[in-house]
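# Structural overview for review
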Amino acid sequence: MDFLLIYLARSFFCLGILYLIWWLFMSKDTFFTVNRYYLMSSIFLSLLIPLFDFSSITNFGGISTAIVLQAVTIKPEEIQNVYTNNLSVFQVIVVVYLTGVVIFTIRFFIQIFQLLTLIKRFGISKKDGLKYVLTDSNYAPFSFFGLIFLNSKFNEQDVEKIIVHESVHIRQGHSFDLFLLELLTILHWFNPFTWLYRSSLKSIHEYLADEGVLGRSSQAL
């Protein structure tokens, strides 16, 4: 469990530093594809880098320094008190963290179950090489791994606009980003940078989709 807390702390630090670099130097840019790849790479690296032990690299040839400290007398009852207090705090932190992990994991599987329920209930329609699910639910239109979900009550003109918009999300693979964001949220639900990543990436997705729609419109003209 010590390894888990150390890993989370290192990962927290990596996520924060890489996000702040993006916010300071790249967030105002209109190169949305570059922004997307940077943020996705930042998440991947922040989850991967803390798994490695770099202590041997920073050892600088094994140079050791001897430090002489003054002798300190510690009584057994003092050790027991410190151990008991620290253990209780440690246990509370672990329980709170794991509770959050369980909650967000259940939330993720509920979302997947809802998607599967919609697919089973309404079926998958195909048109012009695209797959979509026409529902009677009041969800906002969205896409997920090649499927477009939208309300059947929309008129034909709105449906065409929605399909064009969502097809850009599908073509650019934004669902992979969302899937990774969900995994990040499960592991780092307590991390404020997690929610900043989610917000920033979803905004970038919308900018990219709008660019794709405008590009198609100009080609049609």
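Here the structure is a predicted model, which is why all the values come from computation and not from measurement.

Read across the open sheet, the 4 strands follow the order S1-S2-S4-S3; overall the sheet is mixed. Each edge of the sheet is formed by a strand with only one pairing partner; in this case those strands are strand S1 (125-127) and strand S3 (142-144). Across this sheet, the average inter-strand angle for adjacent strands is 35 degrees, counted without regard to direction. Along the sheet, helix H4 (residues 156-171) makes contact with strand S2 (130-135), S3 and strand S4 (147-151), crossing S4 at roughly 150 degrees.

Attention now goes to helix H2 (residues 32-48). An ideal rise of 1.5 Å per residue puts 24 Å on 17 residues; H2 measures up with 24 Å between its terminal C-alpha atoms. Listing the buried residues of H2 in full gives Phe32, Asn35, Arg36, Leu39, Met40, Ser42, Ile43, Ser46 and Leu47. Mapping the buried residues of H2 onto a view down its axis gives an arc of 150 degrees, with all of them on the same face.

Let us look at the packing of helix H1 (residues 2-25) against H2. How two helices sit against one another is set out by the angle between their axes and by the gap between those axes. Interaxial distance between H1 and H2 falls to 8 Å at its minimum, and their mutual angle equals 165 degrees. Between H1 and H2, the angle is such that the two are roughly antiparallel. Crossing angle aside, the handedness with which H1 passes H2 is right-handed. Listed contacts from H2 to Tyr7, Ser11, Cys14, Leu15, Leu18, Tyr19, Ile21 and Trp22 of H1 are Asn35, Tyr38, Leu39, Ser42, Ile43, Ser46 and Leu47. Taken together, the residues of the contact of H1 with H2 sort by class into 11 nonpolar, 4 polar and no charged.

Next up on the list: the pattern of salt bridges. Inspection of every chain in the model, using the stated rule, returns 3 salt bridges. Note that aspartate 177 and arginine 36 form a salt bridge whose closest N and O atoms lie 2.6 Å from each other. Within this pair, whereas aspartate 177 is found in helix H5 (residues 174-187), its partner arginine 36 is found in helix H2, the two being separated by 141 residues in sequence. Both residues of the pair, aspartate 177 and arginine 36, count as buried. Residue glutamate 182 is joined to arginine 107 by a salt bridge in which the shortest nitrogen-to-oxygen separation is 3.3 Å. Residue glutamate 182 is found in helix H5, and its partner arginine 107 is found in helix H3 (residues 76-122); the two are separated by 75 residues along the sequence. Judged by its relative accessible area of 12%, glutamate 182 is buried. Salt bridges sharing partners connect three or more residues here, namely Arg107, Glu182 and Arg198.

A separate point is H4. The end-to-end C-alpha distance of H4, which contains 16 residues, comes to 22 Å, matching closely the 22 Å that a straight helix rising 1.5 Å per residue would cover. Within the sequence span of H4, burial applies to Val159, Ile162, Ile163, His165, Glu166, Ser167, Val168 and His169. With its phi angle positive at about 70 degrees, glycine 173 sits one or two positions after the end of H4.

Before going further, it helps to spend a moment on the nonpolar core. In terms of nonpolar packing, the biggest core is built from 24 residues, with Leu39, Ile43 and Tyr197 touching the most fellow members. Apart from residues lying up to four places away in sequence, leucine 39 is in contact with Tyr19, Trp22, Tyr197, Ser200, Leu201 and Ile204. Counting residues in each nonpolar core, the second largest holds 6 residues, with Tyr132, Leu150, Ile162 and Ile163 among its members.

With that out of the way, let us pick up the side chain of histidine 174. Structurally, the position occupied by histidine 174 is in helix H5. Among the polar contacts made by the side chain of histidine 174, one reaches the side chain of histidine 169 at a distance of 2.7 Å. A distance of 2.9 Å separates a polar atom in the side chain of histidine 174 from a polar atom in the side chain of glutamine 172.

As a further point, take the packing of aromatic side chains. Going through the model one piece at a time under the given rule, you end up with 17 aromatic pairs. Here the aromatic rings of tyrosine 19 and phenylalanine 193 are separated by 6.2 Å at their centres, their planes lie at 55 degrees, and the arrangement is tilted. In this pair, tyrosine 19 sits in helix H1 while phenylalanine 193 sits in helix H6 (residues 192-220), placing the two residues 174 residues apart along the sequence. Neither tyrosine 19 nor phenylalanine 193 differs from the other in exposure class; each is buried. Here a set of aromatic residues connected by ring pairs shows up, and it is made of Phe12, Tyr19, Trp22, Tyr97, Phe104, Trp189, Phe190, Phe193, Trp195 and Tyr197.

This next bit is on the environment of serine 200. Following the sequence through the fold, serine 200 ends up in helix H6. In this structure serine 200 comes out as buried when scored by relative accessible area, which is 11%. Between the C-alpha atom of serine 200 and that of tryptophan 23, which follows or precedes it by 177 residues, the distance is 9.6 Å. Those residues in contact with serine 200 that sit more than four places away from it in its chain are Tyr19, Trp22 and Leu39.

Cut-offs used in this document
Residues numbered from 1 in each chain as written. Predicted model: local features only at pLDDT ≥ 70, side-chain atom pairs only at ≥ 80, totals over all residues. Heavy atoms only, no water. Pairing = 2+ DSSP bridges. Helix = DSSP H or I, 4+ residues; strand = E, 2+ residues; numbered from the N terminus. Axes fitted to C-alpha atoms, helices over the stretch in contact; angles between N-to-C directions. Contact = heavy atoms within 4.5 Å. Expected span 1.5 Å × (residues − 1). Buried < 20%, exposed > 50% of the residue type's maximum accessible area, 1.4 Å probe, protein only. Arc of directions from axis to C-beta. Parallel < 35°, antiparallel > 145°, perpendicular 65-115°, else oblique. Left-handed = near helix turned anticlockwise from the far one by under 90°. Nonpolar A, V, L, I, M, F, W, Y, C, P; charged D, E, K, R; others polar. Salt bridge = Lys/Arg side-chain N within 4 Å of Asp/Glu carboxyl O. Core = buried A, V, L, I, M, F, W, Y, C linked by side-chain atoms within 4.5 Å. Polar contact = N/O pair within 3.5 Å; in protein donor to acceptor, adjacent residues only side chain to side chain. Phe/Tyr/Trp six-rings, centres within 6.5 Å; stacked < 30°, edge-to-face > 60°.

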